[in-house]
Amino acid sequence: QVQLVESGGGSVQAGASLRLSCAASARSFSSYLMGWFRQAPGKEREFVAAINWSTRSTYADSVEGRFTISRDNVKNTVALQMNSVKPEDTAVYYCAARMGGSYLFRTGYNYWGQGTQVTVSS
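Quick caveat, the model's predicted, so the values are computed rather than measured.

(A) The pairing of strand E7 (residues 67–72), seen in detail. Side chains Phe-67, Ile-69 and Arg-71 of E7 all project onto a buried face; the interleaved residues Thr-68, Ser-70 and Asp-72 project onto a face where none is buried. For E7 and strand E8 (residues 77–82), the ladder comprises six bridges, and the chain directions are antiparallel. Bridge pairing in E8 links Ile-69 to Leu-80. Between E7 and E8, which follow one another and run antiparallel, lie four residues, and Asn-76 among them has a positive phi close to 60 degrees.

(B) Layout of the packing of aromatic side chains. Under the defined criterion, the tally for this structure stands at six aromatic pairs. For the pair Phe-37 and Tyr-109, a centre-to-centre distance of 5.0 Å together with 75 degrees between the ring planes defines the contact as edge-to-face. A residue pair is termed long-range when its members are at least 10 positions apart, and Phe-37 in strand E4 (residues 32–39) and Tyr-109 in the loop between strand E9 (91–99) and strand E10 (111–112) qualify at 72 residues. Tyr-109 gets classed as buried once you look at its relative accessible area, which sits at 8%. Chaining the aromatic ring pairs together yields one cluster made of Phe-37, Phe-47, Tyr-109 and Trp-112. Positioned above the aromatic ring of Phe-37, the side-chain terminus of Arg-45 is 5.8 Å from the ring centre. In this structure, Arg-71 packs its charged tip against the face of Phe-29, placed 4.5 Å from the ring centre.

(C) Seen up close, the environment of Tyr-59. Take Tyr-59: it is sitting in strand E6 (residues 57–59). Taking the C-alpha atoms as reference, Tyr-59 lies 16 Å from Leu-20; in sequence the two are 39 residues apart. Among the polar contacts listed, one links the side chain of Tyr-59 to the backbone nitrogen of Ile-69, at a separation of 2.9 Å.

What counts and what doesn't
Residues numbered from 1 in each chain as written. Predicted model: local features only at pLDDT ≥ 70, side-chain atom pairs only at ≥ 80, totals over all residues. Heavy atoms only, no water. Buried < 20%, exposed > 50% of the residue type's maximum accessible area, 1.4 Å probe, protein only. Helix = DSSP H or I, 4+ residues; strand = E, 2+ residues; numbered from the N terminus. Pairing = 2+ DSSP bridges. Phe/Tyr/Trp six-rings, centres within 6.5 Å; stacked < 30°, edge-to-face > 60°. Lys NZ or Arg CZ within 6 Å of the ring centre and 35° of its normal. Polar contact = N/O pair within 3.5 Å; in protein donor to acceptor, adjacent residues only side chain to side chain.

Shape is all these values report; function is a separate question.
So this is what it looks like as structure tokens:
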């Protein structure tokens, strides 16, 4: 069982920066692959970014170069630094976790946070 709690969402203007955080409660946090997903109104949930235990990461094409995912295996946290945000980034952002090794899976996440709203105005 993994408990995930997101924070840091809010309303910002296009071009601004925002940092989302996720606090995890897990027996062995470093054994989990961590990811961020988002879901906009009327749209399906989509993958945003993932990071493994060694801090290797992968990103969706839509956020590549703008967002950065990071993790702290001591504090049991994962963050998503969002720069140059666009109105299209407006969505509920979810922190997620799944068992895995070094491979950067984009599907199969078993644990989810409650989500945090990010609204970007033009």
